[in-house]
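This is what each chain is made of:
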Amino acid sequence: MADKRDYYEVLGVSKDASAADIKKAFRVQAKKYHPDMHPGDKECEEKFKEIQEAYAVLSDDDKRRQYDQFGHAAFDGSAGAGAGGFDFSGMDMGDIFGDIFGDFFGGGSRRANSNGPRQGANVRMTIRISFEEAVFGCVKGIDFTYKQECATCGGSGAKKGTQATTCSRCGGKGKVVYSQQSLFGMVQNVQTCPDCNGTGKVVKEKCPDCHGTGYVAKRVHKEVEIPAGIDNGQSVRVRGYGEPGTNGGPRGDLLVEVVVGRSNEFERQEMNIFSNVYISYAIAAIGGDIRIKTVDGDIIYTVSSGTQTGTRIRLKGKGVPSVRNKNIRGDHYVTLIVKTPTKLSKDAEAALREFDRLTGDSLNAESGSTDAPRDKKKGPFGGIFDKK
Ligand SMILES: [Zn+2]
Ligand SMILES: [Zn+2]
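All figures in this text were calculated on a predicted structure; none of them were measured in a lab.

### What to know about the coordination of the zinc ion (ligand 1)
Here is step 1 of the chain: Binding of the zinc ion (ligand 1) to the protein goes through Cys150 (SG), Cys153 (SG), Cys207 (SG) and Cys210 (SG), at separations of 2.3 Å.
Here is step 2 of the chain: Geometry at the zinc ion (ligand 1) is tetrahedral, judged from the four donor atoms that bind it and their angles of 104 to 116° at the metal.
Here is step 3 of the chain: Considered as a linear motif, the donors of the zinc ion (ligand 1) on their single chain read C-x2-C-x53-C-x2-C. One end of the pair, Cys153, is in the loop between β2 (138–149) and β3 (165–166); the other, Cys210, is in the loop between β6 (201–202) and β7 (215–226), and 57 residues separate them in sequence. Taken as a pair, Cys153 and Cys210 share a single burial class, namely buried.

### What about a nonpolar patch on the surface?
Here is step 1 of the chain: Nonpolar side chains collect at one region of the surface, where Tyr281, Leu344, Leu352 and Phe355 lie side by side and expose about 320 Å² of accessible area between them.
Here is step 2 of the chain: Locating Leu344 in the fold gives a position in the loop between β15 (332–339) and α8 (346–366).
Here is step 3 of the chain: When its relative accessible area of 39% is taken as the criterion, Leu344 is described as partly exposed.

### Some thoughts on the coordination of the zinc ion (ligand 2)
Here is step 1 of the chain: The zinc ion (ligand 2) binds to the protein through Cys167 (SG), Cys170 (SG), Cys193 (SG) and Cys196 (SG); the donor distances cover 2.2 to 2.3 Å.
Here is step 2 of the chain: Around the zinc ion (ligand 2) sit four donor atoms; with metal-centred angles ranging over 104 to 121°, the donor geometry is tetrahedral.
Here is step 3 of the chain: For the zinc ion (ligand 2), the single-chain donor residues occur in sequence as C-x2-C-x22-C-x2-C. One end of the pair, Cys170, is in the loop between β3 and β4 (175–182); the other, Cys196, is in the loop between β5 (185–192) and β6, and 26 residues separate them in sequence.
Here is step 4 of the chain: What makes Cys170 buried here is its relative accessible area of 8%.
Here is step 5 of the chain: Judged by relative accessible area, which is 4%, Cys196 ranks as buried.

### Here's the deal with the nonpolar core
Here is step 1 of the chain: Ranked by internal contacts, the top residues of the largest apolar core, which has 21 residues, are Tyr7, Leu11, Val13, Ile22, Leu58 and Tyr67.
Here is step 2 of the chain: Going through the elements one at a time, α1 (7–11), α2 (19–33) and α3 (42–58) are the ones with two or more residues in this core.
Here is step 3 of the chain: Once you skip the residues sitting within four places of it in the chain, Ile22 turns out to touch Leu11, Val13, Ala17, Tyr55, Leu58 and Arg64.
Here is step 4 of the chain: One finds Met125, Val220, Val224 and Val238 within the second-largest nonpolar core, a separate group that totals 18 residues.

### Overview of the packing of α2 against α3
Here is step 1 of the chain: The N-to-C vectors of α2 and α3 enclose an angle of 165°; their axes lie 9 Å apart at closest approach. The pairing of α2 with α3 is recorded here as roughly antiparallel in orientation. In terms of crossing hand, the pair formed by α2 and α3 is left-handed. Between α2, through Ile22, Lys23, Phe26, Gln29, Ala30 and Tyr33, and α3, the contact on the second element is made entirely by Cys44, Lys47, Phe48, Ile51, Gln52, Tyr55 and Leu58.

### Some details on helix α4 (residues 61–70)
Here is step 1 of the chain: For α4, the set of buried residues is Lys63, Arg64 and Tyr67. What you see down the axis of α4 is that its buried residues fit within an arc of 100°, all on one side. The outward face of α4, more than 90 degrees from its buried face, is lined by the exposed residues Asp61, Arg65 and Gln69.
Here is step 2 of the chain: On the buried face of α4, the contacting elements are α1, α2 and α3.

### Re the sheet that holds strand β9 (residues 254–260)
Here is step 1 of the chain: In space, the three strands of this open sheet follow the order β1-β9-β8, with mixed pairing throughout. Two strands in the sheet have a free side with no partner beyond their single neighbour: β1 (123–129) and β8 (235–238). In this sheet, neighbouring strand axes are inclined to one another by 25° on average, regardless of whether the strands run parallel or antiparallel.

### Remarks on the layout of surface pockets
Sizing a probe to match a water molecule and rolling it over the atoms shows the empty space that remains.
Here is step 1 of the chain: Volume-wise, the largest pocket comes out at about 1500 Å³.
Here is step 2 of the chain: Secondary structure elements with two or more residues in the lining of the largest pocket: α3, α5 (93–105), β4, β5 and β6.
Here is step 3 of the chain: Residue classes in the lining of the largest pocket are distributed as 15 nonpolar, 23 polar and twelve charged.
Here is step 4 of the chain: Split by domain, the lining of the largest pocket shows at least three residues from each of two domains, domain 1 (7–104) and domain 2 (123–164 + 203–260).

### Brief notes about the side chain of Gln191
Here is step 1 of the chain: Relative to the helices and strands, Gln191 resides in strand β5.
Here is step 2 of the chain: Among the residues examined, Gln191 registers a relative accessible area of 11% and is labelled buried.
Here is step 3 of the chain: Beyond its immediate sequence surroundings of up to four residues, Gln191 is in contact with Pro35, Asp36, Glu45, Gly174, Lys175, Val176 and Tyr178.

### Section: the confidence of the model for the chain
Here is step 1 of the chain: Per-chain confidence: the chain averages 80 in pLDDT, with 81% of residues scoring 70 or above.
Here is step 2 of the chain: This model gives residues 78–113 a pLDDT under 50, and the stretch forms 53 contacts once residues within four places in sequence are excluded.
Here is step 3 of the chain: Of the regions scoring below 50 in pLDDT, residues 372–388 engages in five contacts with residues more than four places distant in sequence or in other chains.

Procedures and definitions
Residues numbered from 1 in each chain as written. Chains lettered and ligands numbered in written order. Predicted model: local features only at pLDDT ≥ 70, side-chain atom pairs only at ≥ 80, totals over all residues. Heavy atoms only, no water. Donors = N, O, S within 2.8 Å, 3.2 Å for Na, K, Ca; no water. Tetrahedral: all angles 85-135°; square planar, octahedral: opposite > 155°, others 65-115°. Helix = DSSP H or I, 4+ residues; strand = E, 2+ residues; numbered from the N terminus. Buried < 20%, exposed > 50% of the residue type's maximum accessible area, 1.4 Å probe, protein only. Patch = residues over 30% accessible without salt bridge, like charges linked within 9 Å, V, L, I, M, F, W, Y side chains within 5 Å. Areas by Shrake-Rupley, 256 points an atom, 1.4 Å probe, with all protein chains shown as cover. Salt bridge = Lys/Arg side-chain N within 4 Å of Asp/Glu carboxyl O. Core = buried A, V, L, I, M, F, W, Y, C linked by side-chain atoms within 4.5 Å. Contact = heavy atoms within 4.5 Å. Axes fitted to C-alpha atoms, helices over the stretch in contact; angles between N-to-C directions. Parallel < 35°, antiparallel > 145°, perpendicular 65-115°, else oblique. Left-handed = near helix turned anticlockwise from the far one by under 90°. Arc of directions from axis to C-beta. Pairing = 2+ DSSP bridges. 1 Å grid on protein atoms, 1.4 Å probe; cavity = no way out; pocket = protein on both sides within 12 Å on 5 of 7 lines; lining within 4 Å. Points joined across faces, edges and corners; volume = space filled by probe spheres on them. Nonpolar A, V, L, I, M, F, W, Y, C, P; charged D, E, K, R; others polar. Domains from an automatic or database assignment. pLDDT = per-residue confidence, 0-100.

If you want it as structure tokens, here you go:
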């Protein structure tokens, strides 16, 4: 008893945790260490028992009070308060497991019969697609390994001429119930049958092709349609290409997650596209037609005269389609950046000097100004350089 862990610590909750917090913590911990998830792992089994025990005490107001007062001694008979010998056998663990399995398999309908058909696990893989492929969708060939029913034995796992027989340990149920004497009296544990791994059948002479598993690994090539508008990290579901189900349950799915490559031209934020377009000083001042690259190809856009650098224009409906409805599209925002010429010919330089001479007065009048609103009394720098 001396080395027993604190129950609150076992569940990872604080001493003043609410009943709801305790239940939540128990569910999280029990899921993590449930023996069904770790067949044959003794350490997990011990952990799981510890969690059950902690929950049995902390979920019961009376027992929790006793525990808070006397610690583990409350239940080993050594406490002076006459608190020894609780009987936990009446506790309905089945209800809690029902909750857990309900969570796992996404439905209350399977809860009633955990030995019934169960869908196989989903399998995940990633593929890379380009920026444009994500915008417009594409068809991608993928190769993966698939557990196919063994043709030699028809999935039974038994050698030709022999048959899989009903598991004698669990009577074909795939589950065994252990009644264990614990600190709290008899506790019933439902576990996957170790003899048949939950299948309810045992194979005496194994099929040589699948080594008794009933499945063979097969390389599969499949063309997968990636919908327009898919974004980085989203997945496409290929139904029925996951792990086989158990007890006649359906197969899981294959989830193909896309990793979208970067574009040199465009940035994407959900359904909108962003890009920069450089325009000449003359176009910015006078106005004129420019070419803008969009995901639909180049378009001609008329820049109005007197366009400032940093002006953002919106190209409606030139963004990314909605992954749910490709007729709905985001927008493309273009930031116009006025390019300052860096290499000037003699003639160009002369022209610019002439331009400056012609416009100089008006420009100089604004030189040194900022766009920030000025406090006239404090001067252009907010008074920080003013003499005290
Ligand atoms: Zn086989
Ligand atoms: Zn069995």
